[in-house]
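# Analysis of the macromolecular model
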Amino acid sequence: MLLPVLLLRNKGEMKSQEYLPATKYLFGISASPTTLKKLPSMLGLIWDCLVELEISPDSLVDVTEVKSLMIAICRFLLYGARAFTAGQQAISSLGWSPRSGRVVDGLGLAFDAFVKDLPSTVSSDDPFLKKCPGLFGGSFSLAYKKAKRGGADFSRVAHFGEAGIGHNGPPEPESEPAAPKPILDNLKPKNERKKPYILSPTKRFPKDHLVPFLTKGFRLASKAHRRDESGELAAKLLLGGIRGSEVMNFWVNDLTVVNGRIRGYLRSPTLFKEQSGRTRRVELEEKYGLLPRTEIKGKNHAGFKSPALDDDHSARIHWMAGSEEFLGQSFARYILNVRARAMAERRALGHPDHPYLLVFPKSIPHLGIVVGDPYTMSAFRRSWKRAVRRYAKLANLAEMYVAKSLGTTIHAIRHLCGKTHQEDGDGIQTIQIKLHHKSIFSSIVYTLPDHEEIHNAAEKVKERIKTGNFKSEFRHFGTMEESVRTFAESILGGRFRRW
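A quick note: this is a predicted structure, and the numbers were derived from the prediction, not measured.

### Some thoughts on the packing of helix 9 (residues 229–237) against helix 12 (residues 324–348)
It is at 10 Å that the axes of helix 9 and helix 12 come closest, and there the two elements cross at 150 degrees. If you check the angle between helix 9 and helix 12, you find them roughly antiparallel. Two packed elements cross with a definite hand, and for helix 9 against helix 12 that hand is left-handed. Taking contact as the criterion, the partners of Glu229, Ser230, Leu233, Lys236 and Leu237 in helix 9 are, on helix 12, Phe326, Leu327, Ser330, Phe331, Arg333, Tyr334 and Val338. Partitioned by chemical class, the residues of the contact of helix 9 with helix 12 number 7 nonpolar, 2 polar and 3 charged.

### Considerations on the packing of helix 9 against helix 13 (residues 377–394)
Running from amino to carboxyl end, helix 9 crosses helix 13 at an angle of 90 degrees, the nearest separation of the two axes being 9 Å. Relative to helix 13, helix 9 is oriented roughly perpendicular. Contacts between helix 9 and helix 13 involve Gly231, Ala234 and Ala235 from the former and Phe380, Ser383 and Trp384 from the latter. When grouped by side-chain class, the residues that make up the contact of helix 9 with helix 13 number 4 nonpolar, 2 polar and no charged.

### Focus on the pattern of salt bridges
Going through the model one piece at a time under the given rule, you end up with 18 salt bridges. For arginine 278, the salt bridge is made with glutamate 283, and the minimal N-O distance between the two is 3.0 Å. For arginine 278, a relative accessible area of 29% gives the class partly exposed. Taking the shortest distance from any N to any O, the salt bridge between glutamate 295 and arginine 281 comes out at 2.5 Å. A residue pair is termed long-range when its members are at least 10 positions apart, and glutamate 295 in the loop between helix 11 (280–288) and strand 7 (314–316) and arginine 281 in helix 11 qualify at 14 residues. By relative accessible area, which is 36% here, glutamate 295 ends up partly exposed.

### Overview of the nonpolar core
Formed by 51 residues in total, the largest nonpolar core has its most connected members in Phe380 and Trp384. Each residue touching phenylalanine 380, except ones within four places of it in the same chain, is listed here: Gly231, Ala234, Ala235, Leu238, Gly244, Met248, Tyr375 and Ile410. One finds Trp47, Ala72, Cys74 and Leu78 within the second-largest nonpolar core, a separate group that totals 34 residues.

### As for the sheet that holds strand 5 (residues 255–258)
The 3 strands are arranged 5-6-7 in an open sheet whose pairing can be described as antiparallel. One side of each edge strand has no neighbouring strand; the edge strands of this open sheet are strand 5 and strand 7. Each adjacent strand pair in this sheet contributes to an overall mean axis angle of 25 degrees, direction not counted. Direction of pairing for strand 6 (residues 261–267) relative to strand 7: antiparallel, over a ladder of 3 bridges. When the sheet's bridge partners are listed, arginine 267 is paired in strand 7 with serine 314.

Analysis parameters
- Residues numbered from 1 in each chain as written.
- Predicted model: local features only at pLDDT ≥ 70, side-chain atom pairs only at ≥ 80, totals over all residues.
- Heavy atoms only, no water.
- Axes fitted to C-alpha atoms, helices over the stretch in contact; angles between N-to-C directions.
- Helix = DSSP H or I, 4+ residues; strand = E, 2+ residues; numbered from the N terminus.
- Parallel < 35°, antiparallel > 145°, perpendicular 65-115°, else oblique.
- Left-handed = near helix turned anticlockwise from the far one by under 90°.
- Contact = heavy atoms within 4.5 Å.
- Nonpolar A, V, L, I, M, F, W, Y, C, P; charged D, E, K, R; others polar.
- Salt bridge = Lys/Arg side-chain N within 4 Å of Asp/Glu carboxyl O.
- Buried < 20%, exposed > 50% of the residue type's maximum accessible area, 1.4 Å probe, protein only.
- Core = buried A, V, L, I, M, F, W, Y, C linked by side-chain atoms within 4.5 Å.
- Pairing = 2+ DSSP bridges.

Now the structure itself:
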């Protein structure tokens, strides 16, 4: 079967939709009849786009330019030409309305079938090939996949009221045009789009200040309330290497004291099953009339960042070694002296019960907070910030304030826990389990040494070299003192050349 090709005029003489089918057949191809019907349309669309964008066809010799052009054409077809501009060229006059992926893919397949058959059948004097020498080295099928995959980055609507182009009728005539979104200018090779990866250690809470901060930072000057109890317990529970938002999801029965030591479990706020056999989501809804904190909006929202849990949607919390008794005492005091009293006062006021561990110990009317309300993440952040400020003043640390770069954020204690587990002799897989990481690579980042640690390690090695603890000589680089001594000995011994 033979294919009619396009006899093309010079670019300056061409306007959109003015390609002319030839009356003679120059070469045959083995494509299907369906492909042959689509190919003239595709070649015409290509030429229309070149004319509208004012691209010289004979300039398409670079592979990257051809690839970018094909991707752009596929996007114009998928989302409608009115939705785009290319550089400074508006292409709305093409009038292309959005087409389904099936249609665009079919056009691309027709072009690729044509190109596949070219090497053995093409005529060297074909006018289309002369004008577009590099175009037939590309693949529209690959361009279609990239255009479809990257379509979310491009708006389907260029003008107000044009959302229905190709679907529900033309745009409103009085609508204002929106700012154009360039296409070809933003198309870059994949290796240029990739951002550099900077490997740097996570900032950890200063270990020397950890215990003094947790014991002194939450003391208040008020005689009525000597401590910020809820903020203090929330901060201490971070010694389990858990996130601050996970602490906000704790129920009272998630923690218990056994032989004076605290035992805790990280449990899914929606899927973990209580002793009643119902999930926490159902338990909250049917017993307390509440929704899980992960599913509500506003001040009571608390996230749960998909930690690695066991089959029963829970996991054991592994506290920083040596802190179990300290935490057990704090937890027992909070239950007896803070939560029990706050919930009793809450019930006396006629407000419903709830199972969350951390609560507001008093009402704050101007904020709409009733005594016993679940403690919020925003309240914890404010409590933490005030505690850091108090401790910095108490310890005379002018440069200590809440900052990620200083390792003084809430999350910085989780970073410290990961590093401490490593220093205690835990392997990376054990640290992964203790921090509830799904990927071991997340745990590796937590254990990276910082610059000061690297410097101290190098200093220790240098001392070992000086004292002769290294048997191998390849590490023993000569010092300035040794060089001077060797030079002096060579002179005094007469072992130098006279010129």
